[in-house]
Amino acid sequence: MSMEFILINKDAAKFVAHIQLNRPKELNALNAQLMTELRDALQEMDTDDTIHAVVLSGNEKAFAVGADIKEMADKSTIDMYLEDKFSVWDAIRKIKKPIIAAVSGFALGGGCELAMMCDMIVASETAQFGQPEIKIGVMPGAGGTQRLTRAVGKVRAMEMILTGKFISAEEALQAGLINKIVPVELYLEDAVKLAAEIAKMPSIAVRIAKETVLKAFETSLEEGLAFERKNFYLLFSSEDQKEGMKAFIEKRKPEFEGR
Ligand code: HXC
């Protein structure tokens, strides 16, 4: 795949792919081409058997500063409608393998929304999260009003979305938006370590567990519990379940095949 704004690095020994947003001069502003490339890269990793987990990062200064304002400024409603900008976001939302965002510097607007679409967030001490769209006359459009509110609660989300104020990594950790804070020189390494730890787990169980956790945002407790139970039963038809439990009983390390 030839990509202009995305770098892909596969670590076969760890079963982890690192996808880096690479538009540094624009602080990784998410233009349409970058988003299309990101979707394509993620979809490719999703079907690559040598990859079990993905790390998504920007650079030290910026994870991403949101949609490309210069590309968007003159659009009409009909342009936006016809472009169907959000279909790439919908496709990214459907990626089955776990994605860990490694965030340093700015994660703003669509950048914050992209980080929140990932399954976990490892942040550097310099990370700043914000939904500043209000300052340019709009509001979050790629899930911010929903995901941020679910992550940090109504009053914090309202404050961030209605004032456009950024929060620090420390505040984001306290609010439950991110998993952890690490020194800036280690944030990427740490995210890869976390991804590698997950990549060692039986991949079918990881995939179904991800799907089941995400269901919690979409259903009533009753339906969610029923979905969980069916998926729990389903995993008993995997070879990895037989191997995992047998290995436990025989006091040896399991050898998972991902089937
Ligand atoms: C296009 C952007 C950009 C953006 C920064 N740049 N953000 N270009 N779209 N969102 C460009 C600047 O124009 C500049 O290029 C270069 O990146 C460096 O930015 P500076 O402003 O000079 O850097 P700094 O002073 O360090 O300030 C950083 C910043 C500020 C605080 C992040 O750039 C900023 O406030 N950016 C806008 C953030 C924002 O409003 N995001 C929400 C976008 S709307 P030049 O060539 O001019 O020097 C959105 C909706 C999502 O995300 C909907 C779903 C897709």
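Rules used throughout
Residues numbered from 1 in each chain as written. Predicted model: local features only at pLDDT ≥ 70, side-chain atom pairs only at ≥ 80, totals over all residues. Heavy atoms only, no water. Salt bridge = Lys/Arg side-chain N within 4 Å of Asp/Glu carboxyl O. Buried < 20%, exposed > 50% of the residue type's maximum accessible area, 1.4 Å probe, protein only. Pairing = 2+ DSSP bridges. Helix = DSSP H or I, 4+ residues; strand = E, 2+ residues; numbered from the N terminus. Axes fitted to C-alpha atoms, helices over the stretch in contact; angles between N-to-C directions. Contact = heavy atoms within 4.5 Å.

Trainee: Quick question: what am I supposed to make of the pattern of salt bridges here?
Mentor: Opposite charge on two side chains makes pairing possible when the charged atoms of those side chains draw close. The full count for this structure, using the stated rule, is 13 salt bridges. Its salt-bridge partner being E250, residue R252 comes within 2.7 Å of it at the nearest N-O pair. Judged by its relative accessible area of 43%, E250 is partly exposed. Three or more residues are tied together by salt bridges with common partners; here these are E243, K246, E250 and R252.

Trainee: When you look at the sheet that holds strand β5 (residues 99-103) in this model, what are you seeing that I'm missing?
Mentor: Sheet strands pair via backbone hydrogen bonds, and the direction of the pair is either parallel or antiparallel. Spatially, 6 strands are ordered β1-β2-β3-β5-β7-β10 in an open sheet, and the strand pairing comes out mixed. Where the open sheet ends on each side, the last strands, each with one partner, are β1 (6-11) and β10 (180-182). Each strand axis lies, on average, 20° off the axis of its neighbour in the sheet, ignoring direction. Pairing geometry for strand β2 (residues 16-21) and strand β3 (residues 53-57), over 5 bridges, is parallel. Looking at the pairing, I19 lines up with L56 of β3.

Trainee: I tried to follow the sheet that holds strand β8 (residues 128-130) on my own but got confused; where do I start?
Mentor: Taken in spatial order, the 4 strands of this open sheet run β4-β6-β8-β9, and their pairing is mixed. Both outer strands of the open sheet, β4 (62-64) and β9 (167-168), are each paired with one neighbouring strand and no more. Summarising the sheet, β8 and β9 pair through 2 bridges and their orientation is antiparallel. Bridge pairing in β9 places Q128 opposite S168. Strands in contact with helix α5 (residues 110-117) are β4, β6 (106-108) and β8; relative to β6, the strand with the most contacts, it is inclined by about 95°.

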